[in-house]
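A look at the structure
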Amino acid sequence: MDGTLSQNDLSHVVEADRAHVWHHLIQHKPFETNDPRIIVEGKGMRVWDQKGKEHLDAVSGGVWTVNVGYGRESIAKAVYDQLLKLNYFAGSAGSIPGALFSEKLISKMPGMTRVYYTNSGSEANEKAFKMVRQIAHKRYGGQKHKILYRDRDYHGTTISCLSAGGQDERNAQYGPFTPGFVRVPHCLEYRAGDQGAPTENYGEWAADQIEQVILREGPDTVGALCLEPVTAGGGVITPPQGYWDRVQEICRKYDILLHIDEVVCGVGRTGTWFGYQHYGVQPDMVTMAKGVASGYAAIACLVTTEDVFSMFKDNADDPMNYFRDISTFGGCTAGPAAALENMRIIEDEGLLDNTTAMGAYMLDQLHALADKHEVIGDVRGKGLFLGAELVEDRESRTPMAEKRVQKVVADCMQQGIIIGATNRSLPGYNNTLCFSPALIATKDDINQIIASVDEALGREFG
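Residues numbered from 1 in each chain as written. Predicted model: local features only at pLDDT ≥ 70, side-chain atom pairs only at ≥ 80, totals over all residues. Heavy atoms only, no water.

1. Some points on the packing of aromatic side chains
- Counted by the stated rule, this structure contains seven aromatic pairs.
- On the numbers, 5.1 Å between centres and 70° between planes, the contact of F129 with F181 is edge-to-face. Of this pair, F129 sits in helix α5 (residues 121-140) while F181 sits in strand β6 (residues 181-184), placing them 52 residues apart in sequence.
- With relative accessibility at 13%, the residue F181 sits in the buried group.
- Here Y202 and W205 contribute two aromatic rings whose centre-to-centre distance is 5.8 Å and whose plane-to-plane angle is 25°, an arrangement assigned as stacked. With Y202 and W205 both in helix α9 (residues 202-217), this residue pair falls three residues apart, about one helical turn.
- Take Y202: its relative accessible area is 2%, and that puts it in the buried class. (Phe/Tyr/Trp six-rings, centres within 6.5 Å; stacked < 30°, edge-to-face > 60°. Helix = DSSP H or I, 4+ residues; strand = E, 2+ residues; numbered from the N terminus. Buried < 20%, exposed > 50% of the residue type's maximum accessible area, 1.4 Å probe, protein only.)

2. With respect to the side chain of D57
- In this structure, D57 sits in strand β3 (residues 54-57).
- R269 is the oppositely charged side chain nearest to the buried, salt-bridge-free D57, at an N-O distance of 8.6 Å.
- Polar contacts involving the side chain of D57 include one to the main-chain amide nitrogen of V59, which spans 2.9 Å.
- Not counting residues up to four positions away in its chain, the partners in contact with D57 are M45, G62, Y70, I418 and P437. (Lys, Arg positive; Asp, Glu negative; His and termini not counted. Salt bridge = Lys/Arg side-chain N within 4 Å of Asp/Glu carboxyl O. Polar contact = N/O pair within 3.5 Å; in protein donor to acceptor, adjacent residues only side chain to side chain. Contact = heavy atoms within 4.5 Å.)

3. Here we look at the side chain of R46
- Position of R46 relative to the elements: it lies in strand β2 (residues 46-49).
- With residues near it in sequence (within four places) discarded, R46 still touches E41, E54, H55, L56, Y70, D445 and Q448.

4. Quick notes on the sheet that holds strand β10 (residues 300-304)
- Across the sheet, which stays open at both edges, the seven strands sit in the order β4-β10-β9-β8-β7-β5-β6 with mixed pairing between neighbours. The open sheet has two edge strands with one neighbour each: β4 (114-118) and β6. When the angles between neighbouring strand axes are averaged without regard to direction, this sheet yields 20°.
- As judged from the five bridges shared by β4 and β10, these two strands associate in the antiparallel manner. Opposite V115, over in β10, you have V303 as the bridge partner.
- Most of the contacts of helix α4 (residues 96-107) go to β4, to which it runs at about 130°, and overall it touches β4, β9 (285-288) and β10. (Pairing = 2+ DSSP bridges. Axes fitted to C-alpha atoms, helices over the stretch in contact; angles between N-to-C directions.)

5. Re the sheet that holds strand β1 (residues 39-43)
- Spatial strand order, β1-β2-β3-β13: four strands in an open sheet with mixed pairing. Each edge of the open sheet carries a strand with a single partner, namely β1 and β13 (417-418).
- Bridge count for β2 against β3 is three bridges, and the pairing is antiparallel. Bridged to W48 within β3 is E54.

6. Examining the pattern of salt bridges
- This structure, assessed with the given rule, holds 35 salt bridges.
- Two residues, E347 and K108, come together in a salt bridge whose shortest N-O distance is 2.4 Å. Within this pair, whereas E347 is found in helix α12 (residues 334-348), its partner K108 is found in the loop between α4 and β4, the two being separated by 239 residues in sequence.
- Note on E347: relative accessible area 30%, which makes it partly exposed.
- With relative accessibility at 17%, the residue K108 sits in the buried group.
- Measuring nitrogen to oxygen at the nearest pair gives 3.7 Å for the salt bridge that ties R394 to E374. With R394 in the loop between β12 (386-390) and α14 (402-414) and E374 in the loop between α13 (351-372) and β11 (376-381), the pair connects residues that are 20 residues apart, well separated along the chain.

7. Some points on α9
- Along its 16 residues, α9 runs 23 Å from first to last C-alpha, staying within 8% of the 22 Å computed at 1.5 Å per residue.
- Those residues of α9 not exposed but buried are Y202, G203, A206, A207, Q209, I210, E211, V213 and I214.
- Looking one or two residues past α9, G218 carries a phi angle of roughly 105°, positive in sign. (Expected span 1.5 Å × (residues − 1).)

8. Considering the pairing of strand β8 (residues 257-261)
- With respect to burial, β8 is a largely interior element, five of its five residues being buried.
- Burial of β8 is two-sided: the residues L257, H259 and D261 facing one way and the residues L258 and I260 facing the other way are all buried.
- Of the strand pairs in this sheet, strand β7 (residues 222-227) and β8 are connected by four bridges, and their pairing is parallel. Counted as the bridge partner of L225 is L258 from β8.
- You can see the chain leave β7, run along helix α10 (residues 243-253) and come back into β8, and the turn it takes is right-handed. (Right-handed = clockwise from strand over helix to strand, strands pointing away.)

Written out as structure tokens, the structure reads:
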């Protein structure tokens, strides 16, 4: 770790943090007697805390963000150079990095043509919801306004995003919610028995449940279906065979916009540029954030087809016929400047291929762990986005208690390995260990992660 700050300086930082910073997703009572953790520096896949302890980061910044790893000087320089030239102008005008990144991004997304810039995944999803509502008013007398979302999926922290959130513990205490959001069932094949689903053709069955909701609500009231390509915080759920084909068919049958939330999966995480590209579907809207610039600058995007875009300019004489929305920090130029360099790194270093290869290797290693530890009931994932579901016993598939799962996470942290887990999200089902190492991961990195989990499981479960 760089010794730029003295120990006295670091002690002051800790006390300032304790006194004034309100951290995300943390109960602060323990900080009255224990120091908050300060991450001081990062390089590659490793970070150092205020005590100088090194950690291998297996979750890319804690929330699936730092796709190309820490300490990328070329991204920092791209941001620096751009900020000196032009740091900001409102999104009603263009910028050089904004134009060039949109062109580059669209080149990776056949069938999509337009990029709307914003500053977070939650905000990008809000923009999509607003577009659906405005289209309902423009084309359908306001009637086709409902937005379907899936159990276990997560789309952000704002009230409307929570209204589209399939994680009840994240939503708790924040209602009443925005009306017009309707839940459809999840597609976790391992939990098909909990749904009373058939053992064959589960993917088609799970998609057909969406159609049943549409028919119940009335197809003329449903404007969009919002899904993650691989459910992230809801347990790293890869879609079963036949699911996405049927979902696309249903959306086209009932003239429903397909909105795919790539905030986690986008820009390489699953081994393709976007998760939906594994499954042969053509979305109408795609949202993305986290890995777009690997956390080097704030940027999120809502990408649409030309058909969606054209709905907002088909009658230029109508003063209300455009998307009357602005994202203040969507006008920051640092985001697209960082995103351009981030994408160049992924291309030039062959990180999509590395993600595919290392993801397959890590999946094999997790299966080997499952052979050794009976508490691992299911292993799943795509690319370097993987999960291991822990159970009391394999026959009943009773979910492991959340506290015991968190002990495994804490044990790995003590070993210097940062992993994740579903927590305080899904009542009774916060039992999946989550892994999303940077796209630069090597076999040695993965071996260290697996060894740490092996040790933690052995200590907790024998």
